[in-house]
Number of protein chains: 2
Amino acid sequence: MTTNKRATIKHVAKAAGVSTQTVSRVINDRPDVSPETRVRILQIIEDLNYQPSALARSLIQQRSFTLGVVTSGLKEYIGPSRTLNGITSKAAELNYALLLEELPHFDTENIKPLLQSLLSRHVDGIVWAVPEVGDNRRWVDEILMDVPVPVVFLTMQPRARVTTVSVDNFSGGVLATQHLLAQGRRNVGHISGDLDWWEARQRKQAWQETMAKAGTKPQDRQFSEGNWSCACGEAAFNQLLQSYPEMDAVFVANDQMALSVLQIAHQKGIKIPGDLAVIGFDNITESPFFWPALTTINQDQHELGARAIQELASQIETLQRNEKIEPLNILLATELIVRESSANQ
Amino acid sequence: MTTNKRATIKHVAKAAGVSTQTVSRVINDRPDVSPETRVRILQIIEDLNYQPSALARSLIQQRSFTLGVVTSGLKEYIGPSRTLNGITSKAAELNYALLLEELPHFDTENIKPLLQSLLSRHVDGIVWAVPEVGDNRRWVDEILMDVPVPVVFLTMQPRARVTTVSVDNFSGGVLATQHLLAQGRRNVGHISGDLDWWEARQRKQAWQETMAKAGTKPQDRQFSEGNWSCACGEAAFNQLLQSYPEMDAVFVANDQMALSVLQIAHQKGIKIPGDLAVIGFDNITESPFFWPALTTINQDQHELGARAIQELASQIETLQRNEKIEPLNILLATELIVRESSANQ
DNA sequence: CTGAAAGCGCTAACAC
DNA sequence: GTGTTAGCGCTTTCAG
């Protein structure tokens, strides 16, 4: 915590009795430096604890090797955190640094200052790791015109002209519903997440369509809207028990709410999976340890972040070669994890 | 996603027919510009969508308004994520940008490249938001000498010459143990976290000392080591049931493991809180919805991050005024949250 | 009130 | 192989 001034390329050059250019060649591993000079300079660099300034480099090379990351919901949810983990590990692998911004709310309106903070620091690209909620993508077409770097959006309805990477919530919902039907259940209810969320709508729609295909188009009373939280999961389940008493299986849109369902069921003496099969969504760390262990749909949020960075980096490279970048919509597969809560009757 | 080149101060100056200095004065809100000139330039800035380059500024001002944040465990734990949330919100408030790095493991050895990545981008300070685990603070005294900016460490044993901000795990553990005793329980067991962690050791020690003070110095058989995970919580609890059959209360070092305890208890027909009072630690979002609702110790991880940024910013200001910075060890209070799992017999 | 010159730390382009 | 010149985009200093 001393306040050593950092050594600059000039200090090194002076100490070595060469020009800064020669030092520059050494730190950039250029071939045209005599072996002796190189060794001498490397030694001095070591002695002086010299580190090239990435800032100065960014300025002249018009490239910062820094990406902007915009996230939201770190306080309440583990999802953004897992995605961030995928982002940091892939970025480290590809040698990019990350500038992090967090939106105070999923639907924060005022994103211009945030974008400008990133752009003023010359990020090479931006990952928008905020789920699509309500109308929070309204600005995309308008503002993106003014953004001079590639942007990759996570967890958003695929659309033309924009690169998106999302988990395939629809096919995940199909997997969940089909599994319950395959277990011989016929009266399958659904507790959704907040339907303002694109993900919640996808999962619900998958349930509806899969049920319809099985010849049992669901009625309104077979469904209840939650908001992802345990509290709302309780309320939604209680409502469903009233409105859909013959229910023998329920697809719950996330594991948190599924936990509430299990707890309430115990309290009311409803046997799981005997009376009611339960499947969640997410595969959080705790779900194997629920009682009974929760059947769920695994979504790889780490991979989501990693893929986003990979795409972004590849677009940056493309641009660097003066080629045109092609928008891309990527969907990641989900996986059914069968545990006890959905076992056969 | 177009590739508009960014406008520079030169473009603005040329368009306004003034020198770049005058533009500089306007964007820095200096008084010595005629009102008309100012208005004209502001208009042009607007038209050109001009944004000053923070990079160029950082270079000349020797100050980047950027902080480095080092975290770890984003994939498995919600704690780092909550802390990060406190960091992002306080940083936004104080107008700092954040460069994020994540250690692959809590005890990653090779931290030099990571520090250099941050320093090469001229961060004004660093928050080390990684818990103290095993020997992962070994480098502090040695390496910190070479770091030319202030560093604040989170969740670490207070020590001289270093600024630390931590939750007071010891007093939290005292609160937990005292509460169980106050409920009339006498046989209080403890399931710890991974004792490689400083936090786990603090909580355990608090339990030991509080019990001793109450005249019931705990024996080895009243304790079992977990590793924070549900899986290990199960194992530890099962062991405790064997080794300490008269146990009528248990202080579990985190809420995840406490969940496992509740589940196992149900399976074995142990009544909670009748036969066994349970208290957790952390106050995760789900714990009010456990069955029964979990009594726990709340730790404010958001505040932890926010305080760290506040201290760091204040140290940076101090340095800016050429004053000396004083290392500081801050402990944040915890809070007892009483719910059903520890109710009176 | 405004401008010219110098320079933050580095590299591209050219010379020798 | 190595040095010189210019300049990335901005601010500081000084002159007027």
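See the structure shown above.
Residues numbered from 1 in each chain as written. Chains lettered and ligands numbered in written order. Predicted model: local features only at pLDDT ≥ 70, side-chain atom pairs only at ≥ 80, totals over all residues. Heavy atoms only, no water.

Comments concerning the pattern of salt bridges
Item 1. For the coordinates displayed, the defined rule picks out 23 salt bridges over all chains.
Item 2. Its salt-bridge partner being Glu 246 of chain A, residue Arg 221 of chain A comes within 2.7 Å of it at the nearest N-O pair. Residue Arg 221 of chain A is located in the loop between α9 (198-213) and β7 (223-225), and its partner Glu 246 of chain A is located in the loop between α10 (230-243) and β8 (249-252); the two are separated by 25 residues in the primary sequence.
Item 3. Among the salt bridges present, the one from Arg 203 of chain B reaches Glu 199 of chain B, with a minimum N-O distance of 3.9 Å. You can see Arg 203 of chain B and its partner Glu 199 of chain B sitting in helix α9 (residues 198-213), four residues apart, about one turn around the helix. Residues Arg 203 of chain B and Glu 199 of chain B agree in their burial class; the two are buried. (Salt bridge = Lys/Arg side-chain N within 4 Å of Asp/Glu carboxyl O. Helix = DSSP H or I, 4+ residues; strand = E, 2+ residues; numbered from the N terminus. Buried < 20%, exposed > 50% of the residue type's maximum accessible area, 1.4 Å probe, protein only.)

Some remarks on the sheet that holds strand β2 (residues 97-103) of chain A
Item 1. Pairing within the open sheet is mixed, and its twelve strands lie in the order β11(A)-β5(A)-β4(A)-β3(A)-β1(A)-β2(A)-β2(B)-β1(B)-β3(B)-β4(B)-β5(B)-β11(B). The sheet is open, and its two edges are formed by β11 (329-332) of chain A together with β11 (329-332) of chain B, each paired on a single side. Here the strands of the sheet are splayed against their neighbours by 20 degrees on average, with no regard to which way each runs.
Item 2. The pairing of strand β3 (residues 125-128) of chain A with strand β4 (residues 151-154) of chain A spans three bridges and is classified as parallel. Paired with Trp 128 of chain A across the strands is Phe 153 of chain A, a residue of β4 of chain A. (Pairing = 2+ DSSP bridges. Axes fitted to C-alpha atoms, helices over the stretch in contact; angles between N-to-C directions.)

Some details on the relation of the copies chain B and chain A
Item 1. The operation relating chain B to chain A is a screw motion whose rotation component is 180 degrees, with 0.0 Å of axial translation and a residual RMSD of 0.0 Å. The relationship between the two copies is best expressed as a two-fold rotation axis. The C-alpha atom lying nearest the rotation axis in chain B is that of Leu 99 of chain B; the distance is 2.3 Å. (Least-squares fit on C-alpha atoms with pLDDT ≥ 70 in both.)

A word on the interface of chain B and chain A
Item 1. Taken together, the 66 residues of chain B in the interface contact 66 residues of chain A.
Item 2. At the boundary of chain B with chain A, total buried surface from both sides reaches about 5,900 Å², with 59% on carbon and sulfur atoms.
Item 3. Across the contact surface, chain B and chain A share zero salt bridges.
Item 4. Here chain B is connected to chain A by 22 residue pairs in polar contact (both at pLDDT 80 or more).
Item 5. Looking at the side of chain B that touches chain A, the elements with two or more residues in it are α4 (54-61), α5 (79-93), β2 (97-103), α6 (112-120), α10 (230-243), α11 (255-268) and α12 (301-320) of chain B.
Item 6. Per element, the largest residue contribution to the side of chain B that touches chain A is six residues, and it comes from α11 of chain B.
Item 7. Taken together, the residues of the side of chain B that touches chain A break down into 31 nonpolar, 25 polar and ten charged. (Contact = heavy atoms within 4.5 Å. Buried area = accessible area lost by both parts, 1.4 Å probe. Polar contact = N/O pair within 3.5 Å; in protein donor to acceptor, adjacent residues only side chain to side chain. Nonpolar A, V, L, I, M, F, W, Y, C, P; charged D, E, K, R; others polar.)

Structural notes on the nonpolar core
Item 1. With 115 residues, the main nonpolar core has Ile 126, Trp 128 and Val 278 of chain A together with Ile 126, Trp 128 and Val 278 of chain B as its most contacted residues.
Item 2. Those residues in contact with Trp 128 of chain B that sit more than four places away from it in its chain are Val 70, Leu 103, Ile 111, Leu 114, Leu 115, Arg 137, Trp 139, Val 152, Phe 153 and Leu 154 of chain B. (Core = buried A, V, L, I, M, F, W, Y, C linked by side-chain atoms within 4.5 Å.)

Observations regarding the pairing of strand β1 (residues 66-72) of chain B
All names here are of chain B.
Item 1. Most of β1 is tucked away, with seven of its seven residues classed as buried.
Item 2. Here β1 shows no split at all, with Thr 66, Gly 68, Val 70 and Ser 72 on one side and Leu 67, Val 69 and Thr 71 on the other all buried.
Item 3. Relative to β2, β1 runs parallel, the two sharing seven bridges. Looking at the pairing, Gly 68 lines up with Leu 99 of β2.
Item 4. Since β1 and β2 lie parallel, the crossover through α5 that links them has a hand, and here it is right-handed. (Right-handed = clockwise from strand over helix to strand, strands pointing away.)

Observations concerning the sheet that holds strand β9 (residues 277-279) of chain B
All names here are of chain B.
Item 1. Across the sheet, four strands lie side by side as β7-β6-β8-β9; this open sheet has parallel pairing. Two strands bound the open sheet, and with one partner strand each, they are β7 (223-225) and β9. The mean angle between the axes of side-by-side strands here comes to 15 degrees, regardless of whether they run parallel or antiparallel.
Item 2. Two strands pair when backbone bridges link them, and strand β8 (residues 249-252) and β9 are joined in this way by three bridges, in the parallel orientation. Looking at the pairing, Phe 251 lines up with Ile 279 of β9.
Item 3. Set on the sheet, α10 makes contact with β6 (188-192), β7 and β8; between it and β7 the angle comes to about 155 degrees.

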